[in-house]
Amino acid sequence: MREEEARHIASADGHMEGSAAMFAQAFTGRWKPVWRAPGYQFALFASALFMTLMPLLYLASIGAIGWLVYWHFTHDAGMLNTRAGGRAILFLLLVYLLPGIAGVVLILFLLRPLLFLFSGSSDEDAIEVFPREEPRLFAFVESVCNTMGAPVPERIFIDCNVNAAAQLLGGGFGLLGRRRLALHIGLPLVAGLNATEFAGILAHEFGHFSQGAGMRATGILNRMSRWMGIAAYDRGSIDEGIAGMMKSETPSIVIIGMVLMICIGIARLVLKAVFFFGFGVSRVMGRRMEFDADAHQTRFVGSKAATESWAKIFGLTEAQRLADVKIAEQWKNRTLPEDFPALVASTARRLSPDAKASIKRAVEDTHTGWFDTHPATGVRIRAMNALDENGVFRLDEPATTLFTNFADASKKASYAFFKERVGEFIFSATFVRAADLFGSHEEEDARAAAVPAFLGFEPADWRPLTLRMDAIEPPSDPKACWERVRAARQTLSAAGPAAAGAMDEYLASDRTLLQTEAAPTVFGLGISSIKKEFQFNFSNARSMAAAKDKAIEIASRTSATIDDALDAGAARVTANLRMLAVPGIEKRFPEAPKLLARAQVLVKAEAGLRRAFPQMKQLRENFQRALVLLPYVDDSGMKDKAREVFRPLTDTLRDAVIGLRQDLGGVKSPFPGPDGDTNLGGLIFRETPAWREYDQILGAASDAIEKFAETQRRVMSELVDIASRTETALRSQSSARSEPTEARSASRSR
């Protein structure tokens, strides 16, 4: 144990004992060891077999080449005993030396990757926490490990990744000596999960800790794969030397270069085959280890908590991407959030319905590729549910309570995270709380959560709730207006849940239709299939036609259900907002004037967004077309054709961004922008991209699409919140069978 670590532990023993008592009651059951499935044992045996045979064959190949070189020099020297002279003797000398040169170069080529076999990554730049700083965390980790019978990690590191990991310390040599373990904790997980879910993540990693032979096997296999990969794909000084020989004006040197190139080419083909085989074996072993660690997680916190955490983890991953976009905007002012994990967690609570639908598809995915490091999430969830465990730990508190001082840990990890990104420019940055930088989102989160409660469903970004009015006018008949509220509420009681049930299908069909709008751009270049990286629901023109027909059928079937709910929702919100404008309403609802003033600003913003919506949909479609073209723009075989389409398409995107920025520039923004913008154009379209600067154009279009949808959601969620407060207040002022008092008075006066 390192001296520094021992000093920290010695100074924290008392604190750890006290901290352990804080969550001792959360351990509610008796732990039973996890039985390792035959698939795990077989994968471990296959890994051990490969680890044994592959190095032996590799070294034997090097030895065989060396022996052949030696045999050639000692047995074929007679070919030089000739009376030939001049060029003939030079040719014979070349023939005699050439196998030896080729053999020596080949041996050096094969030996070079061995230098990387036992190299290890340094932990010097990682943020380590100590028991003195976080006695509660260390006590909790020790309690969980002792409960599970897993070894306790020697060191704990924190970072800003949405991940946790188990690590064998000591680099390559750590794989062979005493097992020293480290735990890596991504703080966004702590900020975004509850204590039970986070404990399940730790139990998963401690399940890996208990896989002593498995961790060593996969560690060695991964290093061997890296070893083979370097030998097969890396181009070093040997390749540069051969390339120089091929350019020589001396024919004999060119011949030597050609022979060397052929020999190394053949060696590379063999190494590639071994690399892919070993890579596949390591991935099979890795996936079996994940299933085993999942079983530990499920047994510790139960099947329900273990499976429910997946959607949150995927949500935090998407939120991290969105948070990066926000930070990029603020970096122009040299300001950064000091608590990046809190920003990620806050963003995850406000994901759009479209993002949630994508996360649901990812969670339900059951396809596992041969070279995937982890099994498909849907398969893992199915296995967790099949275990039907109740768990032995439950703590209904935020995961941050497991830290003594989460705020300080978050600051340290955030600083290291941004330092890695911006380098020495970090010293010119100003760090502030994420809530001060981006605003506190507690009220906004509450409004967003209230939308499905009020409407019975959550409208999609690209099929939004629209009010079809430019300003709030008082109703000519308050009683009839209130009756519309009641009728809409009654309609939504059935239409809302029906729309919620149809929404996932609709969003999937909308995604497919967007893809079918973009794919012909690629097919028009003569390309027969879409790259897998785009994750389209089809691969070629024929399957696209079938997918499009199916998506149109689903969209047609679900649209009617969703439209009924949208119409009823719009009627309910509109009628409630108009009730705020009834003369004298403030006598029964004192907040009405203030809410009406705010609602007028929001309604005008909603009207501006509604008018811009068709152009934004077209911008979204053109952006998707540009994305699928992008990989071919720099492709040597396709770039000319691709650029002929790509250039005018990006020009169209740029014109759309500029035009929409100007159109929305005259609409007052209900929310201040990061630069104090007071109009929707400046809030949504942060920059005007330069002409033919493709990165700027695509970045501006992508940001605008996300910002437009976010602004649309914010406007509507606040309008729904105002409508809900109005309806609640007026219903409390009325009897069970009659309209509000003001409406009754108006009715009697007539």
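Remember, it's a predicted structure, so these values are computed and weren't measured experimentally.

## Overview of the overall build of the protein chain
- When you go through the protein chain residue by residue, the secondary structure sums to 24 helices and 6 strands.
- Buried residues in the protein chain amount to 50% of all 750 residues.
- Taking all contacts inside the protein chain whose residues are at least 6 apart in sequence as the whole, residues at least 24 apart take part in 81%.
- In the structure as shown, the protein chain presents an accessible area of about 35,700 Å², 56% of it carried by carbon and sulfur atoms.

## Points about the packing of helix α21 (residues 639-664) against helix α23 (residues 694-733)
- Between α21 and α23, whose axes approach to 10 Å, the crossing angle comes to 50°. Between α21 and α23, the angle is such that the two are oblique. As α21 runs across α23, the sense of the crossing is left-handed. Counting all contacts with α21, which are made through Phe-646, Arg-647, Thr-650, Leu-653, Arg-654 and Val-657, the residues of α23 involved are Tyr-694, Ile-697, Leu-698 and Ala-701.
- Tallied by class, residues from the contact of α21 with α23 come to 7 nonpolar, 1 polar and 2 charged.

## Description of the sheet that holds strand β4 (residues 181-186)
- The sheet built from 4 strands is open, its strands ordered β1-β2-β4-β3 with mixed pairing. Lying at the two open borders of the sheet, with one neighbouring strand each, are β1 (127-129) and β3 (164-168). Neighbouring strand axes in the sheet, compared pairwise and without regard to direction, differ in orientation by 30° on average.
- Direction of pairing for strand β2 (residues 155-159) relative to β4: parallel, over a ladder of 5 bridges. Pairing of Ile-158 across the sheet is with Ile-185, part of β4.
- Contacts between helix α7 (residues 195-209) and the sheet are confined to β3 and β4, with β4 contributing the most and set at about 155° to the helix.

## Some points on the packing of aromatic side chains
- Taken as a whole, this structure holds 18 aromatic pairs when the rule is applied.
- Centroid distance Trp-462 to Phe-708: 6.2 Å. Interplanar angle 15°. Geometry classified as stacked. Pair noted here: Trp-462 is in the loop between α17 (442-455) and α18 (478-523) and Phe-708 is in helix α23, with a separation of 246 residues, a long-range link. Just as Trp-462 is buried, Phe-708 falls in that class too.
- Here the aromatic cluster, defined as three or more aromatic residues joined through ring pairs, consists of Phe-27, Trp-31, Phe-140, Phe-300 and Phe-393.
- It is Arg-572 that lies over the ring of Phe-454; its NZ or CZ is 3.8 Å from the centre.
- We note Arg-714 situated over the ring of Phe-671; from NZ or CZ to the ring centre the distance is 4.0 Å.

## Observations concerning the confidence of the model for the protein chain
- Looking at the protein chain as a whole, its pLDDT mean stands at 84, while 87% of the residues score no less than 70.
- Taken together, the stretch residues 1-16 has pLDDT below 50 and engages in 21 contacts with residues farther than four places along the chain or on a different chain.
- In the predicted structure, residues 739-750 sits below a pLDDT of 50 and forms 22 contacts with residues beyond four places in sequence or in another chain.

## Quick look at the nonpolar core
- Ranked by size, the top nonpolar core spans 93 residues in total, and within it Leu-577 and Leu-719 carry the most contacts.
- A per-element tally of this core places helix α20 (residues 592-633) first, with 18 residues.
- Those residues within four positions of Leu-577 in sequence are excluded, and the remaining contacts are Leu-467, Met-469, Ile-472, Leu-596, Ala-599, Val-603, Leu-719, Ile-722 and Ala-723.
- Core analysis: the second largest hydrophobic core is formed by 72 residues, Phe-23, Ala-323, Leu-336 and Ile-426 among them.

## Let's talk about the pattern of salt bridges
- Counted under the stated rule, the structure contains 31 salt bridges.
- When the shortest N-O distance is used, the salt bridge between Glu-128 and Arg-155 registers 2.9 Å. Here Glu-128, found in strand β1, pairs with Arg-155, found in strand β2; they are 27 residues apart in sequence, far enough to count as distant.
- Of the residues examined, Glu-128 reaches a relative accessible area of 13% and is grouped as buried.
- Residue Arg-155 is classed as buried on the basis of its relative accessible area of 13%.
- The salt bridge involving Arg-321 is made with Glu-706; its shortest N-O contact spans 2.9 Å.

## Things to note about a nonpolar patch on the surface
- Taken together, the side chains of Phe-42, Phe-45, Leu-49, Leu-53 and Leu-57 present a nonpolar region at the surface, about 560 Å² in accessible area.
- Looking at where Phe-45 falls in the secondary structure, it is placed in helix α3 (residues 38-75).
- Here Phe-45 falls in the exposed class, since its relative accessible area comes to 54%.

## Section: the environment of Glu-533
- Mapped onto the secondary structure, Glu-533 falls in the loop between α18 and α19 (541-579).
- Since its relative accessible area comes to 59%, Glu-533 is described here as exposed.

## What about the environment of Ala-77?
- Counting through the fold element by element, Ala-77 comes out in the loop between α3 and α4 (87-111).
- Setting aside residues no more than four positions away along its own chain, Ala-77 makes contact with His-72 and Tyr-96.

## Structural notes on the packing of α18 against α19
- Where α18 contacts α19, the two axes come as close as 3 Å, and the packing angle between them is 155°. As judged from the angle between their axes, α18 and α19 are roughly antiparallel. Between α18 and α19 the crossing geometry is left-handed.
- For the contact of α18 with α19, the class distribution of residues is 29 nonpolar, 10 polar and 8 charged.

## A look at the side chain of Thr-726
- You can see Thr-726 is positioned in helix α23.
- Other than its neighbours up to four places away in sequence, Thr-726 contacts Asn-576, Leu-580, Phe-589 and Leu-595.

## Quick notes on the environment of Asp-445
- Its place among the elements puts Asp-445 in helix α17.
- Placed 98 residues apart in sequence, Asp-445 and Thr-347 show a C-alpha to C-alpha distance of 9.4 Å.
- When neighbours within four sequence positions are excluded, Asp-445 is seen to be in contact with Ser-346, Arg-349 and Arg-350.

## Digging into the side chain of Ser-414
- Among the structural elements, Ser-414 can be located in helix α15 (residues 406-422).
- Take Ser-414: its relative accessible area is 0%, and that puts it in the buried class.
- In this structure the side chain of Ser-414 is engaged in a polar contact, spanning 2.9 Å, whose partner is the backbone nitrogen of Phe-340.
- Leaving out residues up to four positions away in the same chain, Ser-414 has contacts with Cys-160, Pro-337, Glu-338, Asp-339, Phe-340 and Pro-341.

The rules behind these values
Residues numbered from 1 in each chain as written. Predicted model: local features only at pLDDT ≥ 70, side-chain atom pairs only at ≥ 80, totals over all residues. Heavy atoms only, no water. Helix = DSSP H or I, 4+ residues; strand = E, 2+ residues; numbered from the N terminus. Buried < 20%, exposed > 50% of the residue type's maximum accessible area, 1.4 Å probe, protein only. Contact = heavy atoms within 4.5 Å. Areas by Shrake-Rupley, 256 points an atom, 1.4 Å probe, with all protein chains shown as cover. Axes fitted to C-alpha atoms, helices over the stretch in contact; angles between N-to-C directions. Parallel < 35°, antiparallel > 145°, perpendicular 65-115°, else oblique. Left-handed = near helix turned anticlockwise from the far one by under 90°. Nonpolar A, V, L, I, M, F, W, Y, C, P; charged D, E, K, R; others polar. Pairing = 2+ DSSP bridges. Phe/Tyr/Trp six-rings, centres within 6.5 Å; stacked < 30°, edge-to-face > 60°. Lys NZ or Arg CZ within 6 Å of the ring centre and 35° of its normal. pLDDT = per-residue confidence, 0-100. Core = buried A, V, L, I, M, F, W, Y, C linked by side-chain atoms within 4.5 Å. Salt bridge = Lys/Arg side-chain N within 4 Å of Asp/Glu carboxyl O. Patch = residues over 30% accessible without salt bridge, like charges linked within 9 Å, V, L, I, M, F, W, Y side chains within 5 Å. Polar contact = N/O pair within 3.5 Å; in protein donor to acceptor, adjacent residues only side chain to side chain.

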